[in-house]
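This is what each chain is made of:
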Amino acid sequence: MAGNLASPLHFILTGVPGVGKTTLIKAIQQELQKKGIDCQGFLTEEVRTGGRRIGFDIVTTNGQRGQLARVSEDPDIFQGTRQRVYRVGQYTVNLLSFEQTALPTLRTSTVEKLMSQPGNIVVATIPVPKGKPIPLVEKIRSSSTSKVYEVTRQNRDKLLSEILPELSSCINSMGSGR
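Going along each chain's sequence as written, the residues are numbered from 1 onward. Only residues with pLDDT of at least 70 get local features here, since the model is predicted, and only at 80 or more are side-chain atom pairs given and counted; chain-wide, interface and lining totals rely on the full set of residues. With hydrogens and water stripped out, all remaining heavy atoms of the structure feed into the side-chain values.

Student: Just give me the short version of the overall build of the protein chain, but keep the residues and values in it.
Tutor: Along the protein chain, the regular secondary structure elements total 6 helices and 9 strands. A buried classification covers 38% of the 178 residues belonging to the protein chain. Every residue pair with non-hydrogen atoms within 4.5 Å of one another is taken to be in contact. Sequence-distant contacts, at least 24 apart, represent 58% of the contacts inside the protein chain between residues at least 6 apart. Here the Shrake-Rupley method, with its probe set to 1.4 Å, supplies the accessible areas, and only the displayed protein chains count as covering residues. When the accessible surface of the protein chain is split by element, carbon and sulfur atoms take 53% of a total near 10500 Å². In DSSP terms, a helix is any run of H or I states spanning at least four residues, a strand is any run of E spanning at least two, and both are numbered starting from the N terminus. Only protein chains enter the area calculation, which uses a 1.4 Å probe; residues under 20% of their type maximum are buried, those over 50% are exposed, and those in between are partly exposed.

Next up, the structure:
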């Protein structure tokens, strides 16, 4: 999620799956929007049936929703689409839905440009490091303009009150020419 402000600063959330990163991002977005700050981007939300995670949806900051992935052995899970099947673990990815829902929120710039362009504050999540490092993720994680917060079950309810003052201070200093 990015707001049009004056210089780059990156508030990065990381943590294990299901710990509350998306919930925290939504709360940050709501607080920023209450202050009249434009937020652009998308989230992924779990889709559950009977208490069991069956996949993920993409939800844009303006409320558009699309299917991202579902647990399936059936390559025709996304009916009506004759597309190559992409899998991530147990999930079949709906690439067409991702392209139609998420990509328009990023069309103006690549992630790297967004993060280096003056006038943007970025609030994002990145995966917990495991296995082979992902170069772009490690570049974001180690950037001098990134502040990384690890979300845990113990701190997730307190992080909003820690992040918002820092984010507000950044926004205010950018608005005054920094």
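After that view, the rundown keeps rolling.
Student: Describe the nonpolar core, naming the residues involved and giving the relevant values.
Tutor: Nonpolar side chains tend to gather and get buried jointly when the protein is soluble and globular. In terms of nonpolar packing, the biggest core is built from 20 residues, with Phe-11, Leu-13, Leu-24, Ile-28, Leu-32, Ile-163 and Leu-167 touching the most fellow members. Taken together, the elements giving at least two residues each to this core come down to strand 2 (9-14), helix 1 (21-34), strand 8 (120-125) and helix 6 (159-175). Top element by residues in this core is helix 6. It accounts for 5 residues. For this analysis, a nonpolar core means a set of buried residues of the types Ala, Val, Leu, Ile, Met, Phe, Trp, Tyr and Cys, connected via side-chain atoms within 4.5 Å. The next biggest cluster of nonpolar side chains, apart from the first, holds 7 residues, and it includes Phe-56, Tyr-91, Val-93 and Ala-102.

Student: So what's going on with the pairing of strand 5 (residues 65-71)? Residues and values would help.
Tutor: In short, DSSP must find at least two bridges between two strands for them to pair. Bridge analysis of strand 4 (residues 52-60) against strand 5 gives 5 bridges, and the strand direction is antiparallel. For Ile-58, the partnering residue across the bridge sits in strand 5 and is Gly-66. Counting the residues that bridge the hairpin from strand 4 to strand 5 gives 4 residues, and of these Gly-63 lies at a positive phi of roughly 95 degrees. For strand 5 and strand 7 (residues 91-93), the ladder comprises 3 bridges, and the chain directions are antiparallel. In the sheet register, Val-71 faces strand 7, and the bridge partner there is Tyr-91.

Student: So what's going on with the environment of Lys-147? Residues and values would help.
Tutor: Mapping Lys-147 onto the fold places it in strand 9 (residues 146-150). Between the alpha carbons of Lys-147 and His-10 there is a distance of 6.1 Å; along the sequence they are 137 residues apart. Filtering out sequence-adjacent residues up to four positions away, Lys-147 remains in contact with His-10, Phe-11, Ile-12 and Glu-166. Any pair of nitrogen or oxygen atoms within 3.5 Å is treated as a polar contact; in protein, a donor-acceptor pairing is required on top of that, and neighbouring residues in sequence qualify only through side-chain atoms on both sides. At a separation of 2.8 Å, a polar atom in the side chain of Lys-147 contacts the side chain of Glu-166.

Student: How would you sum up the sheet that holds strand 5? Please name residues and give values.
Tutor: Spatially, 3-4-5-7-6 is the arrangement adopted by the 5 strands of the open sheet, whose pairing is antiparallel. One side of each edge strand has no neighbouring strand; the edge strands of this open sheet are strand 3 (42-49) and strand 6 (86-88). Each strand of the sheet is rotated relative to its neighbour by a mean of 35 degrees, with strand direction disregarded. Only the stretch in contact is used when fitting a helix axis, every axis being a line fitted to C-alpha atoms; angles between N-to-C directions are given from 0 to 180 degrees.

Student: Give me the pattern of salt bridges: which residues, what numbers.
Tutor: The working definition used for a salt bridge is a side-chain nitrogen of Lys or Arg within 4 Å of a carboxyl oxygen of Asp or Glu. In total, this model carries 9 salt bridges according to the counting rule given. A salt bridge links Glu-45 to Arg-65, with the nearest nitrogen and oxygen atoms 2.7 Å apart. Within this pair, whereas Glu-45 is found in strand 3, its partner Arg-65 is found in strand 5, the two being separated by 20 residues in sequence. Residue classification places Glu-45 among the buried residues on the basis of a relative accessible area of 14%. On the basis of relative accessibility, which here comes to 46%, the residue Arg-65 falls in the partly exposed class. Here the residues in one salt-bridge network are Lys-26, Glu-45, Asp-57, Arg-65 and Arg-70, joined through shared partners.

Any functional reading would require information beyond the geometric quantities listed.
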